[in-house]
Amino acid sequence: MQRYSVFAVAREALRFHKGWERAWASPEPKKKYDVIIIGAGGHGLATAYYLGMNHGIRNVAVIEKGWLGGGNTGRNTTIIRSNYLQDPSAAIYEKARSLYETMSQDLNYNVMFSPRGVMMLAQTEHEVRGYKRTAHANSLQGVSTEFITPERVKELCPIMEIRGPRYPVLGALWQARGGTARHDAVAWGYARACSAMGMDIIQKCEVTGIRTEGGQVKGVSTSKGEIDCDKLAIVVAGHSGQVAEMAGFRLPIESLALQALVSEPIKPCMDVVVMANTVHGYMSQSDKGEMVIGGGTDGFNNYTQRGSFHHIEETVRALVETFPIISRLKMLRQWGGIVDMTGDRSPILSKTPVHNIFINCGWGTGGFKAIPGSGWAMAELVAKGEPGPLAAEFGLNRFREGRFIDESVAAGVAH
Amino acid sequence: MLILHCPYCGVDADETELAAGGEAHLKRFGPGSSDEEFEGYLFGRENPRGVHLERWRHAHGCGKWFHAARCTATLEVFGTYSAQVTEPPAEIREAITAKRPGWSWREFS
Ligand SMILES: Cc1cc2nc3c(=O)[nH]c(=O)nc-3n(C[C@H](O)[C@H](O)[C@H](O)COP(=O)(O)OP(=O)(O)OC[C@H]3O[C@@H](n4cnc5c(N)ncnc54)[C@H](O)[C@@H]3O)c2cc1C
Ligand SMILES: [Zn+2]
């Protein structure tokens, strides 16, 4: 792998940029791999990366039906935070957040991690109590957050109307080391690092069937033929139900559309991320100057990557009330992704009824922030066959045992 | 925008009038059932990419619950039907079969 650096840029400048290599290879599939990962989103690619880095397993293929990062990883609004209520969530999301801090250096790829601070507004008494409780839980978990006053909110984000008529701002949960990163770069950076370790990233290759024998995985059928494997990891977010069905089991998951939109670029006006869960909207400003906006999921099962207009309207209405200056902004683009929702709004990292098939899904509306931590934990699960401490609580068996990791009360709009 | 015909009041209701109620025809389990049965009933979902049988409520209309058969891959609606049944009636099944031959849904198709 050619290292990126200021010297490389200077060298290439002198030879008209003719010496850059492709960032990753596009090989044809081999007959057999030690591990096949279905889905080249952030979670699949991070799993591959840590299989190689932490466990020395490099005979790995990542199989993607579209293009890498073309699923939710390239469709999200890139909020990164770890201020969750429950201990298992705080552990895995904080692991991920801390890995984001050094990801650009680790991958030698600029993922533009920007710990600009994330604030979650409290706009009802109930939310004030809820977020104070979360701040206390976070200090026990070693996650640095604080509950701040409306005056401090206004200081951090002057364009906000904190005395709105319906829902005045009563305070906020503030995580100063939360922020954003460039979503595509996360997928590309991992892909480049995996390719450099000799792993195969196979795009435009859809998995259409899973072959098993005596309760043990044998391989997958794909649009590029049969491929064998010793172990299989399913990491396909919104399509988890479909792929699990190929292996013969059902999941506690429903797939819904989640939308986002961006405005025309404007001058810098907001250097923090603001989430307003009561009114269902959140916003940040990208480095290009666009206001990046999102809200809650649509209501019904949907695989179309399109959402309903009235949900967008609801989100924009809420944000115009919170940020009056955006009322005349033109919106540039709107899109949807298919998110995988579990009953307790927590992810699944688990063994499955089929031996040596593992699944990582259920990140729903909020898995971008978790990519490195999830990959770290999933690689351990796949390599050892048993979950390590980060994944242990997120098994499928929790639904049978009634041992939920309930984050649904903690955040109405959980990104 | 999704438009569903309410089989109770006869209105062709816009999505904004309706509240989605999730997967239909779940088999209920009560006291004395096994953990596995409860898990399936409470959390296991078909979640198909294709024909989906689901519950809706005409929330900002007559207020009644009803059923709909819809495709989650195209958002095409095959028909709506009464809430007072445990499986889709023959004409709904025929309407689905006409458009999606070979479809299936749990134990019936
Ligand atoms: C609008 C929106 C906003 C969001 N905002 C945030 C946010 O601010 N912060 C945050 O933390 N999270 C956010 N999320 C959630 C986040 O995007 C996801 O949780 C995360 O990206 C999931 O990553 P993944 O790798 O699991 O899935 P994906 O990136 O969806 O990757 C799965 C891949 O599997 C592939 N695949 C599926 N089926 C097959 C098959 N049969 N064969 C081969 N390949 C297959 C797909 O093509 C896809 O590329 C948001 C999501 C959306 C949609
Ligand atoms: Zn009605």
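Definitions and cut-offs
- Residues numbered from 1 in each chain as written.
- Chains lettered and ligands numbered in written order.
- Predicted model: local features only at pLDDT ≥ 70, side-chain atom pairs only at ≥ 80, totals over all residues.
- Helix = DSSP H or I, 4+ residues; strand = E, 2+ residues; numbered from the N terminus.
- Rg over C-alpha atoms; globule rule 2.2 N^0.38 Å.
- Contact = placed C-beta atoms within 7 Å.
- Near = placed C-beta within 6 Å.
- Nonpolar A, V, L, I, M, F, W, Y, C, P; charged D, E, K, R; others polar.
- Domains from an automatic or database assignment.
- Buried ≥ 20, exposed ≤ 12 C-beta atoms within 10 Å, placed from the backbone.
- Axes fitted to C-alpha atoms, helices over the stretch in contact; angles between N-to-C directions.
- Parallel < 35°, antiparallel > 145°, perpendicular 65-115°, else oblique.
- Left-handed = near helix turned anticlockwise from the far one by under 90°.
- Pairing = 2+ DSSP bridges.
- pLDDT = per-residue confidence, 0-100.
- Core = buried A, V, L, I, M, F, W, Y, C linked by C-beta atoms within 7 Å.

If you tally the helices and strands in chain B, you get two helices and six strands. Compactness check: chain B gives a C-alpha radius of gyration of 14 Å against a globular reference of 13 Å for 109 residues, within 12% of the reference. Here the contacts in chain B between residues at least 6 apart in sequence split such that 48% fall between residues at least 24 apart.

Residues and elements named next belong to chain A. Lining the immediate surroundings of ligand 1 are 40 residues, of which Gly39, Gly41, Gly71, Gly337 and Gly367 lie closest. When residues of the shell around ligand 1 are traced back to their parent elements, those giving at least two are helix 2 (42-55), strand 12 (253-265) and strand 16 (331-342). Considered class by class, the residues forming the shell around ligand 1 number 14 nonpolar, 21 polar and five charged. In terms of domain composition, the shell around ligand 1 takes at least three residues from each of domain 1 (26-79 + 183-252 + 345-401) and domain 2 (112-178 + 254-342).

Further remarks concern the environment of Ala122 of chain A. Residues and elements named next belong to chain A. Looking at where Ala122 falls in the secondary structure, it is placed in strand 4 (residues 118-122). In this structure Ala122 comes out as buried when scored by C-beta crowding, with 26 C-beta atoms within 10 Å. Sequence separation of Ala122 and Val60 is 62 residues, and the distance between their C-alpha atoms is 45 Å. Sequence-distant contacts of Ala122, that is, excluding residues within four places in its chain, are made with Glu127, Val128, Tyr131, Leu170, Gly171 and Ala172.

Residues and elements named next belong to chain A. Look at helix 2 against helix 10 (residues 371-384): their axes get within 7 Å of each other, and the N-to-C directions meet at 60 degrees. Comparing the axis directions of helix 2 and helix 10 gives the class oblique. Between helix 2 and helix 10 lies a crossing of right-handed hand. On the side of helix 2, the interface is formed by Gly42, His43, Ala46, Thr47, Tyr49, Tyr50, Leu51, Asn54 and His55, while helix 10 contributes Ile371, Pro372, Ser374, Gly375, Trp376, Met378, Ala379, Val382 and Ala383. Of the residues in the contact of helix 2 with helix 10, the class split is eleven nonpolar, seven polar and no charged.

As a further point, take the interface of chain A and chain B. Counting residues at the interface gives 19 residues for chain A, matched by 18 residues for chain B. Looking at side-chain class alone, the side of chain A that touches chain B contains six nonpolar, ten polar and three charged residues.

To continue, consider the domain arrangement of chain A. Residues and elements named next belong to chain A. Taken domain by domain, chain A holds domain 1 (26-79 + 183-252 + 345-401) and domain 2 (112-178 + 254-342). The gap between the C-alpha centroids of domain 1 and domain 2 is 29 Å. Each partner contributes to the interface: domain 1 provides 20 residues, whereas domain 2 provides 18 residues. Of the residues contributing to the side of domain 1 that touches domain 2, the split by class is seven nonpolar, eleven polar and two charged.

Next up on the list: the sheet that holds strand 3 (residues 19-23) of chain B. Residues and elements named next belong to chain B. Within the open sheet, the four strands sit side by side as 3-4-5-6. Their pairing is antiparallel. The open sheet terminates on both sides in strands that have one partner only, identified here as strand 3 and strand 6 (77-81). Across this sheet, the average inter-strand angle for adjacent strands is 30 degrees, counted without regard to direction. Here strand 3 pairs with strand 4 (residues 51-57) via three bridges, running antiparallel. Residue Ala19 lies in a different strand from strand 4, and its bridge partner there is Arg57. Along the sheet, helix 2 (residues 90-99) contacts strand 4, strand 5 (65-71) and strand 6; its crossing angle with strand 6, the most-contacted strand, is approximately 175 degrees.

Our focus in this paragraph is unusual backbone geometry. All names here are of chain A. For Thr78, which is not a glycine, the phi torsion comes out positive at approximately 60 degrees. Within the secondary structure, Thr78 is located in the loop between strand 2 (60-63) and strand 3 (79-80). A residue is classified by how many C-beta atoms lie within 10 Å of it, and Thr78, with 24 of them, is buried. The backbone of Gln305 sits at a positive phi, close to 55 degrees, despite the residue not being glycine. By the secondary structure assignment, Gln305 is in the loop between strand 15 (290-301) and helix 9 (309-322).

So, on to the pairing of strand 18 (residues 357-361) of chain A. Residues and elements named next belong to chain A. Of all five residues making up strand 18, five are buried, and the element is well covered by its neighbours. What you see with strand 18 is no split at all: Ile357, Ile359 and Cys361 on one side and Phe358 and Asn360 on the other are buried throughout. For strand 11 (residues 225-234) and strand 18, the ladder comprises three bridges, and the chain directions are parallel. Along strand 18, the bridge assignment pairs Ala233 with Phe358. Inspection of the sheet shows strand 17 (residues 348-351) paired to strand 18 by four bridges, in the antiparallel sense. In the strand pairing of strand 18, Lys351 is matched with Phe358. If you look at the hairpin formed by strand 17 and strand 18, you'll find five residues sitting between the two strands, and Asn356 has a positive phi there, around 70 degrees.

Residues and elements named next belong to chain A. It is the contact of helix 2 with helix 7 (residues 183-196), at a shortest axis distance of 9 Å, that shows an interaxial angle of 30 degrees. The element helix 2 and its partner helix 7 pack so that their crossing is left-handed. Seen from helix 2, the contacting residues are Gly42, Leu45, Ala46, Ala48, Tyr49 and Gly52; seen from helix 7, they are Val186, Ala187, Tyr190, Ala191, Ala193 and Cys194.

Scored by pLDDT, chain B comes out at a mean of 94, with 98% of its residues at no less than 70. Complex prediction metrics read pTM 0.96 and ipTM 0.94.

The subject of this paragraph is the nonpolar core. In terms of nonpolar packing, the biggest core is built from 124 residues, with Ile36, Leu45, Val62 and Val274 of chain A touching the most fellow members. A domain-level breakdown of this core finds at least three residues from each of domain 1 (26-79 + 183-252 + 345-401) and domain 2 (112-178 + 254-342) of chain A. Not counting chain neighbours up to four residues away, the residues in contact with Val62 of chain A comprise Ile37, Ala40, Gly44, Leu45, Ala48, Cys194, Met199, Ile201 and Ile202 of chain A. Membership of the second largest hydrophobic core comes to 16 residues, among which are Ala13, Leu53, Cys71 and Ile96 of chain B.

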